[in-house]
Amino acid sequence: MDDLTKTKSSNVYLITAVASLGGLLFGYDTAVISGAVGALRSFFIDELSTDPVLANSAIEQYKAIIVLSCLTVFGLFGAFFFRFFKRTTAIALIVLMFVVGGGLLYVNFVSQETALTETLTNSILGFMVSSALVGCIIGASLGDRVANSVGRRNGLLIAAFLFLISAIGSGYPELLNPFSSGNLSAFIVYRIIGGIGVGLASMLAPLYIAEMAPANIRGKLVSCNQLAIVGGMLIVYFVNYFIVKGQSDQWINTVGWRYMFLSECIPAILFLATLFFVPKTPRFQVLKGNDEAAIETLTKYNGTTRATVILSEIKKSFDVKKAPWLSYGWGIIVIGLLLSVFQQFVGINVVLYYAPEIFKGMGMKTDASMLQTIIVGVINLIFTVVAIFTVDKFGRKKLMFIGSAIMAVSMIGLGTVLFVQNTGMAALLLMLLYIAAFAVSWGPVTWVLLSEIFPNKIKGAMAIAVAVQWLANLLVSWTFPMMNNNTYLTETFHNGFAYWVYGIMAVLSGIFILKFVPETKGKTLEEMEQIWEPKKEN
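Treat the numbers as computed from the prediction; the structure is a model and nothing was measured. (Residues numbered from 1 in each chain as written. Predicted model: local features only at pLDDT ≥ 70, side-chain atom pairs only at ≥ 80, totals over all residues. Heavy atoms only, no water.)

Visitor: Break down the overall build of the chain for me, citing the residues and quoting the values.
Guide: Each helix and strand counted, the chain has 24 helices and zero strands in total. Here the chain holds 538 residues, and the buried ones make up 54% of them. Of all intrachain contacts in the chain linking residues separated by at least 6 positions in sequence, the fraction that spans at least 24 positions is 83%. Accessible area for the chain stands at about 22900 Å²; split by element, carbon and sulfur atoms hold 66% of it. (Helix = DSSP H or I, 4+ residues; strand = E, 2+ residues; numbered from the N terminus. Buried < 20%, exposed > 50% of the residue type's maximum accessible area, 1.4 Å probe, protein only. Contact = heavy atoms within 4.5 Å. Areas by Shrake-Rupley, 256 points an atom, 1.4 Å probe, with all protein chains shown as cover.)

Following this line, the structure appears as structure tokens:
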């Protein structure tokens, strides 16, 4: 019996490892860009300043991509309106959003002259770096439909294929260039394709693990996905470092950056291949009426007795009626949205995406800046593990508030040392302190809170919180070069301005946690429902 139990446990751990490769690719894809920012500017953007014809073509294509991206995001978020309002009201709001948003987009962006100004240059660079996040919004928004139509495992297969296409296309955008001239737009499109894979994996990988894992070890196994994400970031920091180590800037700017993106092919192919050897989840099999396959899978991983009980529970779960998202009022929705917004507005992905460039701005050479980025990844991994082991001991609210306080001090301090041009050890230590504070609080704990504050009846409302999180990530990552590379702000604040902005956001996030977010530690889902019950609409 013990040997059988060990076999079942090893099988579960194996499929968890396979599914966690989705999380690893999630982290790998989002962080691979960090080592290539300077090279992308040199390869794609600097040539625009010397070739007016190429610049005009690139700007027109850039405008078209932005318009299509905005319309897609408008449409995806517009679909959420039907979950909050009556049909006629939702349609009216969607029309208003398209008219007002489209009008502002046309007046302030599309209709502007095609001149390569400093602001436009920084905008293009920022969008190149953050363009994958447009895909993340799309992938996350479609994740639930994909999961219920083709299944969790097959959805991950789609994500793996998108990762592979993105890796090849981003490394050599000129090979499959759908545009008449210029490779900048092709690069952006391939990054968006990879982002769709990230968005799908961000939802489907933990869902797959949760549905396959036995209840007694589910929490531990789902946590593996979060560790895989951070681990993927750390791995790519090492990969980027060894690619550029000892190489000239000219080689990095022409060839080296390609290897960074192509390196993603290795984990993508591994993920794609291993997924063919893991089963579909029992819940999806029951959803499609294939009870025999479901009981076979459940028996393999849980034993005959437990398999029958779990199958019965799965069937009963489909009878639970879903309630309108506003059944508990706007309060819980707004709190969920602000948790997502503040997680990004404190500036974490600026550090993760632009770390090498930030360190170069502190006077470090390319090799040294990449090495410092590895240190950032190590700190991120270590303190994520700390959070996993402390979140149930100290509580969510306390960890989040402490994290906000330390992030505020470190970001305001970093902005100050940059302002006084003291970019030595103090700046590095403040950066690492910030990473540690985020990794032990707002990084993993935000996801814990989002999974706990929404009662089961409106659990689907978490979808809009996740979509808003990707949108906030896009806004922060896109605007950072506009602040950090702006001539006036650089000459006046010596690159310190952006970090003061993120420091202020950290202060606001702490106030928000202290005043509005309930402690969910030790509370059952039924008890969480009682917290929101007084706000329930009649």
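So that's the structure; there's more coming.
Visitor: Describe the packing of aromatic side chains, and please don't skip the residues or the numbers.
Guide: For the structure shown, the criterion picks out 27 aromatic pairs. Their ring planes at 35° and their centres at 5.4 Å tell us that phenylalanine 493 and phenylalanine 497 sit as a pair that is tilted. Overall, phenylalanine 497 belongs to the partly exposed group, its relative accessible area being 28%. Here a set of aromatic residues connected by ring pairs shows up, and it is made of Phe43, Phe44, Phe187, Trp257 and Phe261. (Phe/Tyr/Trp six-rings, centres within 6.5 Å; stacked < 30°, edge-to-face > 60°.)

Visitor: Run through the packing of helix 3 (residues 52-84) against helix 6 (residues 132-149), naming residues and quoting values.
Guide: It is the contact of helix 3 with helix 6, at a shortest axis distance of 10 Å, that shows an interaxial angle of 25°. As far as their axial angle goes, helix 6 and helix 3 are roughly parallel. Every pair of crossing elements has a handedness; the one defined by helix 3 and helix 6 is left-handed. Residues Ser69, Thr72, Val73, Leu76 and Phe77 of helix 3 form the contact with helix 6, whose own contacting residues are Val134, Ile137, Ile138 and Ser141. When its residues are assigned to classes, the contact of helix 3 with helix 6 shows six nonpolar, three polar and no charged. (Axes fitted to C-alpha atoms, helices over the stretch in contact; angles between N-to-C directions. Parallel < 35°, antiparallel > 145°, perpendicular 65-115°, else oblique. Left-handed = near helix turned anticlockwise from the far one by under 90°. Nonpolar A, V, L, I, M, F, W, Y, C, P; charged D, E, K, R; others polar.)

Visitor: How would you explain the environment of threonine 117 if you had to name every residue and give the values?
Guide: By the secondary structure assignment, threonine 117 is in the loop between helix 4 (87-110) and helix 5 (118-130). Its relative accessible area of 41% is what places threonine 117 among the partly exposed residues. Each C-alpha atom, one on threonine 117 and one on serine 49, is 9.5 Å from the other, the two residues being 68 residues apart in sequence.

Visitor: Describe the pattern of salt bridges, with residues and values.
Guide: Should their charged atoms come close, side chains of opposite charge can pair. Counted by the stated rule, this structure contains two salt bridges. Between aspartate 29 and arginine 191 there is a salt bridge, with the nearest N and O atoms lying 3.4 Å from each other. With aspartate 29 in helix 1 (residues 2-32) and arginine 191 in helix 8 (residues 184-212), this residue pair connects regions lying 162 residues apart in the sequence. Just as aspartate 29 is buried, arginine 191 falls in that class too. A salt bridge links arginine 258 to glutamate 174; its shortest N-O distance comes to 3.0 Å. Here the residue arginine 258 occupies a position in helix 10 (residues 249-262), and glutamate 174 occupies one in the loop between helix 7 (152-171) and helix 8, the gap between them amounting to 84 residues. For arginine 258, a relative accessible area of 7% corresponds to the buried category. (Salt bridge = Lys/Arg side-chain N within 4 Å of Asp/Glu carboxyl O.)

Visitor: Residue-level account of the packing of helix 18 (residues 396-419) against helix 19 (residues 425-439), with values.
Guide: For the pair helix 18 and helix 19, the least separation of the axes is 8 Å and the interaxial angle reads 160°. In this view, helix 18 runs roughly antiparallel relative to helix 19, as classed from their interaxial angle. The handedness of the crossing between helix 18 and helix 19 comes out as left-handed. Within the contact between the two elements, helix 18 uses Gly403, Ile406, Met407, Ser410, Met411, Gly413, Leu414 and Val417 and helix 19 uses Ala426, Ala427, Leu430, Met431, Leu433, Tyr434, Ala437 and Phe438.

Visitor: So, helix 21 (residues 462-484): which residues are in play, and what are the values?
Guide: The first and last C-alpha atoms of helix 21 sit 33 Å apart over 23 residues, in line with the 33 Å expected at 1.5 Å per residue. Among the 23 residues of helix 21, 18 are classified as buried, and the element is accordingly described as predominantly covered. (Expected span 1.5 Å × (residues − 1).)

Visitor: Which residues make up the side chain of threonine 384, and what values go with them?
Guide: Examined against the element boundaries, threonine 384 turns out to sit in helix 17 (residues 366-394). Here asparagine 380 takes part through its backbone oxygen, which lies 2.7 Å from a polar atom of the side chain of threonine 384. Contact partners of threonine 384, with chain neighbours within four places excluded, come to Gln226, Leu227, Val230 and Ala439. (Polar contact = N/O pair within 3.5 Å; in protein donor to acceptor, adjacent residues only side chain to side chain.)

Visitor: Hey, could you go over the confidence of the model for the chain for me, with residue numbers and the actual values?
Guide: Taken as a whole, the chain shows an average pLDDT of 83; of its residues, 89% reach a score of 70 or greater. Segment residues 1-7 is flagged for pLDDT under 50; beyond a separation of four residues in sequence, or across chains, it makes zero contacts in the model. (pLDDT = per-residue confidence, 0-100.)

Visitor: Account for the environment of threonine 281, with residues named and values stated.
Guide: Within the secondary structure, threonine 281 is located in the loop between helix 11 (265-275) and helix 12 (282-287). Using a relative accessible area of 1% as the deciding quantity, one classes threonine 281 as buried. The sequence separation of threonine 281 and tyrosine 208 amounts to 73 residues, and the corresponding C-alpha distance is 6.8 Å. Sequence-distant contacts of threonine 281, defined by excluding residues within four places in its chain, comprise Arg152, Tyr208, Glu211 and Met212.

Visitor: Break down a nonpolar patch on the surface for me, with residues and values.
Guide: Nonpolar side chains collect at one region of the surface, where Phe82, Ile91, Val95, Leu96, Val99, Val100 and Leu104 lie side by side and expose about 610 Å² of accessible area between them. For the nonpolar patch, the leading source of residues is helix 4, giving six residues. Tracing the chain through its elements places leucine 96 in helix 4. Classification of leucine 96 as partly exposed rests on a relative accessible area of 49%. (Patch = residues over 30% accessible without salt bridge, like charges linked within 9 Å, V, L, I, M, F, W, Y side chains within 5 Å.)

Visitor: Could you give an account of the environment of isoleucine 235, with specific residues and numbers?
Guide: Relative to the elements of secondary structure, isoleucine 235 occurs in helix 9 (residues 218-244). Placed 208 residues apart in sequence, isoleucine 235 and glycine 27 show a C-alpha to C-alpha distance of 9.0 Å. When sequence neighbours within four positions are dropped, the list of residues in contact with isoleucine 235 reads Leu24 and Tyr28.

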